[in-house]
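Residue-level listing of the chains:
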Amino acid sequence: MVVNGQTFAAVLYDNETAKAFAERLPLTLDMSEMNGNEKYYYFEERLPADPRKPGKIDNGDLMLYGTDCVVLFYKSVSTSYSYTPLGHVDNPASLARALGSGAVTVTFQVR
């Protein structure tokens, strides 16, 4: 994953949603800001979903909200919303700084 020239290693989970996401790679998404803790992007097409209420989401978690909204969390947060887990960033310590406070372009690619 590349954000403002900074590369982050991310791992996708072994589930149908993550496989469908991976089939779209490489992807460059213009992600919008929400709540001071996440970036999101709505796809035109749906992905398979298996939503769960995680209770807590960690910095670096990559999730699917509904069937078409990919969400990258850059701060840990408690939540009552349901998400389908897609993957996570291995070392998200500098992720918030790289993503910044507004909209950002994020590239997901296979290495």
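Our subject is the structure listed above.
Residues numbered from 1 in each chain as written. Predicted model: local features only at pLDDT ≥ 70, side-chain atom pairs only at ≥ 80, totals over all residues. Heavy atoms only, no water.

## Examining unusual backbone geometry
- Residue Leu25 is joined to Pro26 through a cis peptide bond whose omega torsion reads 0°.
- By secondary structure assignment, the location of Pro26 is in the loop between helix H1 (16-22) and strand E4 (27-34).
- A positive phi is found at Asn4, a non-glycine position, where the angle reads about 50°.
- With respect to the element layout, Asn4 can be found in the loop between strand E1 (2-3) and strand E2 (6-7).
- The phi torsion at Asn35 lies on the positive side, around 65°, for a residue other than glycine.
- Along the polypeptide, Asn35 turns up in the loop between E4 and strand E5 (38-42). (Helix = DSSP H or I, 4+ residues; strand = E, 2+ residues; numbered from the N terminus.)

## Some remarks on the environment of Ala10
- Along the chain, Ala10 falls in strand E3 (residues 10-12).
- Judged by relative accessible area, which is 41%, Ala10 ranks as partly exposed.
- In sequence terms Ala10 and Pro92 are 82 residues apart; their C-alpha atoms lie 9.3 Å from each other.
- Those residues in contact with Ala10, other than ones at most four positions away along the chain, are His88, Val89 and Asp90. (Buried < 20%, exposed > 50% of the residue type's maximum accessible area, 1.4 Å probe, protein only. Contact = heavy atoms within 4.5 Å.)

## What to know about the packing of aromatic side chains
- Applying the stated criterion across every chain yields a total of seven aromatic pairs.
- An angle of 80° between the planes, with centres 5.9 Å apart, marks the rings of Tyr40 and Tyr42 as edge-to-face.
- Classification of Tyr42 as partly exposed rests on a relative accessible area of 47%.
- Relative to Phe43, the ring of Tyr41 has its centre 5.4 Å away and its plane inclined at 80°; by these criteria the two rings are edge-to-face.
- Looking at Tyr41, the relative accessible area reads 27%, which means it is partly exposed.
- Judged by its relative accessible area of 7%, Phe43 is buried.
- What links up through ring pairs into an aromatic cluster is the set Phe21, Tyr41, Phe43 and Phe108. (Phe/Tyr/Trp six-rings, centres within 6.5 Å; stacked < 30°, edge-to-face > 60°.)

## Re the nonpolar core
- Ranked by internal contacts, the top residues of the largest apolar core, which has 25 residues, are Met1, Phe21 and Phe108.
- In this view, Phe108 contacts Met1, Phe21, Leu25, Pro26, Leu27, Leu29, Met31 and Leu62; residues no more than four positions away in its chain are not counted.
- Formed by seven residues, the second largest nonpolar core is a distinct cluster that contains Ile57, Cys69, Val71 and Phe73. (Core = buried A, V, L, I, M, F, W, Y, C linked by side-chain atoms within 4.5 Å.)

## Re the pairing of strand E11 (residues 104-108)
- Of all five residues in E11, four are buried; the element is thus mostly enclosed.
- With two bridges connecting them, E1 and E11 associate as antiparallel partners. Considered in E11, the bridge of Val3 is made with Val106. (Pairing = 2+ DSSP bridges.)

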